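A look at the structure
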Amino acid sequence: MPVMEQRAAHPPAPPPAWKLRTDPAPLLPETEPHRVLGTPAAAKADPQLLRSLYEQLVRGRRYNAQATALTKQGRLAVYPSSTGQEACEVAAAMVLEEQDWLFPSYRDSLAAVARGLDPVQALTLLRGDWHTGYDPREHRIAPLSTPLATQLPHAVGLAHAARLRGDDTVALALVGDGGTSEGDFHEALNFAAVWRAPVVFLVQNNGFAISVPLHKQTAAPSLAHKAVGYGMPGRLVDGNDAAAVHEVLDEAMRRAREGGGPTLVEAVTYRLEAHTNADDATRYRDGAEVEAWRAHDPITLLERELTERELIDEAGIRAARDAADEFAAGLRERMNQDAELDPMDLFTHVYAEQTSQLREQADQLRAELEAEDER
């Protein structure tokens, strides 16, 4: 056979090299953020749940205001306020069962407080007294994570271990929109989906990663759409609608608990205050934008719903505010007391068994302290 004829012959086509691993359609998020308040769905919401959410929102707003004031008084080194995002924080805490774990970011001390953590302990890290300020195992709250998104792989690891043990535990991991640009975010979601780990990721999209707006971070239709690429459902919810956030997170937590695997929830909200007390937000956003979001305040939305349905009156509103003021007064009084610090604590909780170098350093410090006392 001529050489040219041999080259013209084609071997049989190989079998397809790929196929869709899963149908993407059920994983796609809503085209508009899911809402409950102000819609017909609100009539089906549990009145007691709505009242509880409202009380927690009012207390959370007062907590943020008090913590911000403490920075101005020199009692806190820094405070990243979650004012405007209280619906996400409160709903996240309220969907957790006792055995579940919360993995917060640095802005989520309110979620830890709503989970039941002593507010002074929640602020200890930001005060500079202790690295964490509380026992994570006791409260089932991981340390407040200052590095972006590093808590997410930890949440996946804990959830995967719980599934292997057969424990009825779900991890709820909180992260900001800026954290979704980190490699830890990718690694966590990828492993979570492959392992079908019982973990829920809540992205609080407050519009800015410090000064960087969302459109300069990603070209995706939404952050919730990123879920599809990992093989998990994405949900898009109005992050200022406390009832909607609670509903979406509750469904995701139940799905994870029943073996359905992880879910990525994007809550669209807004950071009304600056990134921290060290930030000047007027340099990268205008006042009109802030005021537009104030009109969509989570407390106002829920208070309007409760009032229109006659589930709360002026006395109930006043009672919630008074309870919040009392809570803030107690926090203020305790935070205004100087912490009693022991320099020897530098060597505590470093290793289960101290190394020879640490023992030597501890002995040296102890001797110096005793000499100082004698003088």
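Above this text is the structure in question.
This write-up is about the structure you can find in this document. Values in this document were obtained by computation on a predicted structure and should not be read as measured data.

Reading the values: rules and limits
- Residues numbered from 1 in each chain as written.
- Predicted model: local features only at pLDDT ≥ 70, side-chain atom pairs only at ≥ 80, totals over all residues.
- Heavy atoms only, no water.
- Axes fitted to C-alpha atoms, helices over the stretch in contact; angles between N-to-C directions.
- Helix = DSSP H or I, 4+ residues; strand = E, 2+ residues; numbered from the N terminus.
- Parallel < 35°, antiparallel > 145°, perpendicular 65-115°, else oblique.
- Left-handed = near helix turned anticlockwise from the far one by under 90°.
- Contact = heavy atoms within 4.5 Å.
- Nonpolar A, V, L, I, M, F, W, Y, C, P; charged D, E, K, R; others polar.
- Salt bridge = Lys/Arg side-chain N within 4 Å of Asp/Glu carboxyl O.
- Buried < 20%, exposed > 50% of the residue type's maximum accessible area, 1.4 Å probe, protein only.
- Polar contact = N/O pair within 3.5 Å; in protein donor to acceptor, adjacent residues only side chain to side chain.
- Pairing = 2+ DSSP bridges.
- Right-handed = clockwise from strand over helix to strand, strands pointing away.

1. Digging into the packing of helix 3 (residues 86-94) against helix 10 (residues 242-257)
Two elements in contact, helix 3 and helix 10, have axes separated by 9 Å at closest approach and are oriented at 40°. When the axes of helix 3 and helix 10 are compared, the pair comes out oblique. Pair helix 3 / helix 10 crosses with right-handed handedness. Within the contact between the two elements, helix 3 uses Ala87, Cys88, Ala91, Ala92 and Met94 and helix 10 uses Ala242, Val245, His246 and Leu249. Of the residues belonging to the contact of helix 3 with helix 10, the class tally is 8 nonpolar, 1 polar and no charged.

2. Section: the pattern of salt bridges
Under the definition given, this model contains 19 salt bridges. As a salt-bridge pair, arginine 294 and glutamate 291 come within 3.2 Å of each other at their nearest N and O atoms. One end of the pair is arginine 294 and the other is glutamate 291, both in helix 11 (residues 287-294) and 3 residues apart, which spans about a single turn. Given the relative accessible area of 41%, arginine 294 is considered partly exposed. A salt bridge links glutamate 303 to arginine 321; its shortest N-O distance comes to 3.7 Å. Of this pair, glutamate 303 sits in helix 12 (residues 298-308) while arginine 321 sits in helix 13 (residues 314-335), and the two are 18 residues apart along the sequence. For arginine 321, a relative accessible area of 45% corresponds to the partly exposed category.

3. Side note on the side chain of serine 145
Assignment of secondary structure puts serine 145 in the loop between helix 6 (136-139) and helix 7 (151-165). On the accessibility criterion, serine 145 (8% relative accessible area) is buried. One polar contact links serine 145 to glutamine 151, side chain to side chain, over a distance of 3.1 Å. Beyond its immediate stretch of four places on either side in the chain, serine 145 contacts Pro104, Ser105, Tyr106, Thr150 and Gln151.

4. Some details on the pairing of strand 3 (residues 199-205)
Strand 3 sits mainly inside the fold: 7 of its 7 residues count as buried. A two-sided burial pattern is seen for strand 3, the buried positions comprising Val199, Phe201, Val203 and Asn205 on one face and Val200, Leu202 and Gln204 on the other. As judged from the 6 bridges shared by strand 2 (residues 171-176) and strand 3, these two strands associate in the parallel manner. Residue glycine 176 lies in a different strand from strand 3, and its bridge partner there is glutamine 204. Handedness of the strand 2-helix 8 (residues 183-195)-strand 3 crossover: right-handed. Taken together, the 6 bridges between strand 3 and strand 7 (residues 263-268) define a ladder with parallel strand orientation.

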